[in-house]
Amino acid sequence: MASRLSTAYSRFMGSSASRSSVARAMSTGGPTPPLPTTAVPAWKAALGKFSNNVPPGAPGFWREVGIVFTVFAVTGSSSLLVVRRGLNAALGEGSLSEGPNSWRAGYMMFGLPAYSAMLLTFGTLSGRGAYFRTVLHRMWGRMLPKSVADRLKV
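Residues numbered from 1 in each chain as written. Predicted model: local features only at pLDDT ≥ 70, side-chain atom pairs only at ≥ 80, totals over all residues. Heavy atoms only, no water.

(A) The arrangement of the overall build of the protein in detail. Secondary structure assignment for the protein yields seven helices and zero strands. When its helices and strands are written in sequence order, the protein yields α-α-α-α-α-α-α. For the protein, buried positions account for 27% of its 154 residues. Once local pairs closer than 6 in sequence are excluded, the contacts in the protein between residues at least 24 apart make up 34%. By element, 63% of the accessible surface of the protein is carried by carbon and sulfur atoms, the whole surface being about 10600 Å². (Helix = DSSP H or I, 4+ residues; strand = E, 2+ residues; numbered from the N terminus. Buried < 20%, exposed > 50% of the residue type's maximum accessible area, 1.4 Å probe, protein only. Contact = heavy atoms within 4.5 Å. Areas by Shrake-Rupley, 256 points an atom, 1.4 Å probe, with all protein chains shown as cover.)

As structure tokens, then:
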């Protein structure tokens, strides 16, 4: 038995395994297979992008997704309200569909920076600052030159 154990030890496990692990593997017929993973529905796996590295089905998954979605909702509606009111006060009444063109240009110029500032603020206040900094880096990295976008990296 000892020679059989040492042969199995040298052949299958190399020098890092202990003799007890070799004996356990031999008594059960080999190494223990990995546990089967449960299939996650595609829609729940897609939500995993918003869950701050909490896997779907883990405790706290829905809480993380809820916090992130709430921050996005509050940020979108708040930035829209602030930018519209500011532009209406500065340039007079207007909209994207009805103009004037100065209002449209102002909305494009101030809308995204206001959204970014509010997203960073609300995301940090919610305790998810690192996640929202990554979102902002991806958002601005698509529009800015690579040399400038790399300086924004967290």
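(B) Spotlight on unusual backbone geometry. Geometrically, the link from G99 to P100 is a cis peptide bond, its omega value of 5 degrees lying close to zero. You can see P100 is positioned in the loop between α4 (61–91) and α5 (101–125).

(C) Focus on the packing of α4 against α5. Direction vectors running N to C along α4 and α5 enclose 140 degrees, while the axes themselves pass 8 Å from each other. As α4 runs across α5, the sense of the crossing is right-handed. Per-class residue counts for the contact of α4 with α5 are 16 nonpolar, nine polar and one charged. (Axes fitted to C-alpha atoms, helices over the stretch in contact; angles between N-to-C directions. Left-handed = near helix turned anticlockwise from the far one by under 90°. Nonpolar A, V, L, I, M, F, W, Y, C, P; charged D, E, K, R; others polar.)

(D) Geometry of the confidence of the model for the protein. Per-chain confidence: the protein averages 77 in pLDDT, with 74% of residues scoring 70 or above. For residues 12–17, every residue scores under 50 in pLDDT, and the model assigns this stretch six contacts once sequence neighbours within four places are set aside. (pLDDT = per-residue confidence, 0-100.)

(E) Summary view of the side chain of E64. Relative to the elements of secondary structure, E64 occurs in helix α4. On the accessibility criterion, E64 (11% relative accessible area) is buried. Beyond its immediate chain neighbours, meaning those up to four positions away, E64 contacts F50, S51, N52, V54 and R128.

(F) Local environment of the packing of aromatic side chains. One pass over the full model with this rule turns up four aromatic pairs. Measuring from centroid to centroid gives 5.1 Å for F61 and W62, while their planes differ by 75 degrees, and the two rings are edge-to-face. Between F72 and F132, the aromatic rings sit 5.4 Å apart at their centres with planes inclined by 70 degrees, giving edge-to-face as the arrangement. Residue F72 is found in helix α4, and its partner F132 is found in helix α6 (residues 129–141); the two are separated by 60 residues along the sequence. Classification of F72 as partly exposed rests on a relative accessible area of 22%. Exposure remark for F132: the relative accessible area of 0% places this residue in the buried category. Put simply, the rings of F72, Y131 and F132 pair up and form one aromatic cluster. (Phe/Tyr/Trp six-rings, centres within 6.5 Å; stacked < 30°, edge-to-face > 60°.)

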